[in-house]
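Survey of secondary and tertiary structure
Chain residues, written in single-letter form:
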Amino acid sequence: MKIPNYIKHLNLYKPGKPIEETKREFGLTEVIKLASNENPLGPSPSVLKSIEDHLTEQHLYPDPSQFELLTMAETFFSHNRQNISFGNGTDEIIDFLVRIFCEKNDIVLTSEFAFQAYEVSAMANQVRCLKAPATPGMKFDLEALISCYEQHKEKIKIIFIANPNNPTGTVLSSFEFISFLDYFKHNEDVLIVSDEAYVEFVRDPNYKSLSSVLLSYNNLVVLRTFSKIFGMAGLRLGAMLGPVEVVDAYNRIRKPFNVSSVAQIAGIAAMRDKDFVKQTQRVTWSGIDFFYKELAAMGIPFIPSEGNFILFETPVLARIIFSEMLKLGVILRPVDNYGLPYHLRMSVGLESENRKAIQCLQKVFKKLDLTKNQGVVIL
Ligand SMILES: Cc1ncc(COP(=O)(O)O)c(C=O)c1O
């Protein structure tokens with residue numbers, strides 16, 4: 001069989017190492033995974049109950065119009081159903097946006113250190129992914145993005161901005177992002193995608209999802225996932241908010257049953273459960289504060305994070321620390337695929353898991369004799 005070269009050479013997205021695989025490889029009985037920015041609380045009890053209540057209906061196809069899910073989403077997102085659709089995770093939506101807007105040899109623009117799925121989807125569709133340089137603090141550099149855009153504007157069809165970004169945890173303020181949108185305000189040739197997978201973890205009370213300005217722009221799409229704050233990563237549910245024409249095009253290209261009936265039911269329950277969102281925020285923020293304190297005490301430089309994870313620097317190749325941590329039953333996430341061989345990403349877990357991760361990190365630093373460098377260092 002002849003497989004096209006662009007598929008053969010696709011840069012595979014490397015997900016976090018699974019718990020069971022790690023147990024088997026290292027003969028461990030207890031392993032914790034802080035590698036995929038999942039919600040350590042699991043799905044909320046009300047989501048679990050809604051799933052249980054609908055298990056006997058699983059011989060039926062899901063509702064292709066996503067009617068009930070959209071009804072709840074109208075209230076939750078304060079937008080009309082014509083501006084909303086759902087996907088099998090936001091991953092699927094990202095891929096379809098590339099297919100809708102880009103032709104072969106077009107370009108999607110993003111930033112250095114941006115979430116890798118944009119590049120993977122671009123490459124899979126024979127589209128180039130151009131990355132503007134990030135700021136020294138590893139943030140999206142909006143001026144650099146605009147300058148890249150100006151140089152290649154005939155070819156650039158989508159600009160992807162993850163806000164907050166994964167794996168860096170950096171965030172652009174609403175003000176910064178809106179000035180950026182204004183630059184492209186009447187530009188019908190480029191779509192700006194604000195990927196807000198981690199938006200609920202931003203602590204600044206003045207920070208708002210760009211869904212609040214959705215209707216002021218005809219080229220803005222906002223993505224929201226149910227995998228993080230709602231703890232539903234296994235169910236695969238992501239939302240897209242956008243102009244009517246974009247939502248209409250997406251609904252034509254998506255498969256009718258792309259969102260399972262379990263995910264639809266669970267999504268409705270999740271959007272109703274405001275307390276669970278608050279509980280997840282509390283657990284995440286106290287975990288992040290704990291990591292700040294402990295990493296600083298160990299003299300490990302890190303980037304302050306507005307997500308449910310933290311990116312820190314390693315004094316030796318991160319893969320070495322990663323392997324030593326695996327032996328102790330803690331899965332972290334190497335990010336060398338982002339051009340960062342001296343960084344590791346650590347997700348917030350339950351309090352006990354965060355403690356274990358830090359204790360193991362201390363053991364590994366001691367074993368490798370890396371503990372000399374004491375002091376507070378924040379990148
Ligand atoms: C920035 C960002 N966007 C999107 C996703 C994908 O989310 P989903 O599970 O909805 O496909 C992730 C997952 O880690 C992410 O970090």
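Right above here is the structure, for reference.
Bear in mind that the values here come from a model prediction, so they are computed numbers and not experimental data.

1. Remarks on unusual backbone geometry
Each neighbour pair has its own omega, and for N163 with P164 the value is -5°, a cis peptide bond. You can see P164 is positioned in the loop between strand 5 (156-162) and helix 8 (174-183). In this model, N166 is joined to P167 through a cis peptide bond whose omega is 15°. Within the fold, P167 resides in the loop between strand 5 and helix 8. Positioned with a positive phi, Q126 is a non-glycine residue whose angle comes to about 60°. Look at Q126 and you get partly exposed, because its relative accessible area is 29%. The backbone of M138 shows a phi angle near 65°, a positive value even though the residue is not glycine. When you line up the elements, M138 lands in the loop between strand 4 (128-132) and helix 7 (142-151).

2. Focus on the site of the ligand
All residues adjacent to the ligand are G89, T90, D91, F115, N166, D195, A197, Y198, T225, S227, K228 and R236. Interatomic distance of 3.0 Å between a backbone N/O atom of D91 and an oxygen atom of the ligand. Interatomic distance of 2.8 Å between a side-chain N/O atom of R236 and an oxygen atom of the ligand. When the free accessible area of the ligand is taken as 390 Å², the share hidden by the protein chains comes to 94%. Looking at the shell around the ligand, its residues break down into 3 nonpolar, 5 polar and 4 charged.

3. As for the pattern of salt bridges
Close approach of charged atoms allows side chains with opposite charge to pair. Counting across every chain of the model gives 19 salt bridges. For E25, the salt bridge goes to K17, with nearest N and O atoms at 3.1 Å. Taking relative accessible area as the criterion, K17 reaches 16% and is therefore assigned buried. R224 is the partner of E200 in a salt bridge, and the nearest nitrogen-oxygen pair spans 3.4 Å. In this pair, E200 is assigned in the loop between strand 6 (191-195) and strand 7 (220-225) and R224 in strand 7, connecting sequence segments 24 residues apart. By relative accessible area, which is 10% here, R224 ends up buried. One connected set of salt bridges, linked through shared partners, spans K17, E21 and E25.

4. Considerations on the packing of aromatic side chains
For the coordinates displayed, the defined rule picks out 16 aromatic pairs. Ring centres 6.4 Å apart and planes at 40° place the aromatic pair Y198 and F201 in the tilted group. For Y198, a relative accessible area of 4% corresponds to the buried category. Note on F201: relative accessible area 1%, which makes it buried. Aromatic rings pair up to connect F76, F77, F86, F226 and F230 into one cluster.

5. Observations concerning helix 12 (residues 318-327)
Among all positions in helix 12, only A318, I321, F322, E324, M325 and L326 are buried. If you follow the buried residues of helix 12, they end up packed against helix 2 (19-26), strand 11 (330-331), strand 12 (333-335), strand 13 (340-347) and helix 13 (351-367). With its phi angle positive at about 85°, G329 sits one or two positions after the end of helix 12.

6. Remarks on the nonpolar core
In this structure, F86, L97, I159 and F180 are the most contacted members of the largest nonpolar core, which totals 89 residues. Here this core gets 7 residues from one element, more than from any other, and that element is helix 10 (residues 261-272). Residues within four places of L97 in sequence aside, it is in contact with I158, L191, V193, V221, L223, M240 and V246. Membership of the second largest hydrophobic core comes to 32 residues, among which are A296, I300, A357 and V364.

7. What to know about the sheet that holds strand 8 (residues 238-241)
In spatial order, the strands read 2-8-7-6-5-3-4; together these 7 strands make up an open sheet with mixed pairing. Across the chains shown, the open sheet's two edge strands, defined by having one partner strand only, are strand 2 (84-87) and strand 4. Strand after strand, the sheet turns through a mean of 25° between neighbouring axes, direction not considered. Relative to strand 6, strand 5 is paired through 5 bridges, and the arrangement is parallel. Paired with I158 across the two strands is L191, which belongs to strand 6. Across the face of the sheet, helix 5 (residues 90-101) comes into contact with strand 2, strand 3 (107-111), strand 5, strand 6, strand 7 and strand 8 while running at roughly 155° to strand 7.

Procedures and definitions
Residues numbered from 1 in each chain as written. Predicted model: local features only at pLDDT ≥ 70, side-chain atom pairs only at ≥ 80, totals over all residues. Heavy atoms only, no water. Helix = DSSP H or I, 4+ residues; strand = E, 2+ residues; numbered from the N terminus. Buried < 20%, exposed > 50% of the residue type's maximum accessible area, 1.4 Å probe, protein only. Near = heavy atom within 4 Å. Polar contact = N/O pair within 3.5 Å; in protein donor to acceptor, adjacent residues only side chain to side chain. Areas by Shrake-Rupley, 256 points an atom, 1.4 Å probe, with all protein chains shown as cover. Nonpolar A, V, L, I, M, F, W, Y, C, P; charged D, E, K, R; others polar. Salt bridge = Lys/Arg side-chain N within 4 Å of Asp/Glu carboxyl O. Phe/Tyr/Trp six-rings, centres within 6.5 Å; stacked < 30°, edge-to-face > 60°. Contact = heavy atoms within 4.5 Å. Core = buried A, V, L, I, M, F, W, Y, C linked by side-chain atoms within 4.5 Å. Pairing = 2+ DSSP bridges. Axes fitted to C-alpha atoms, helices over the stretch in contact; angles between N-to-C directions.

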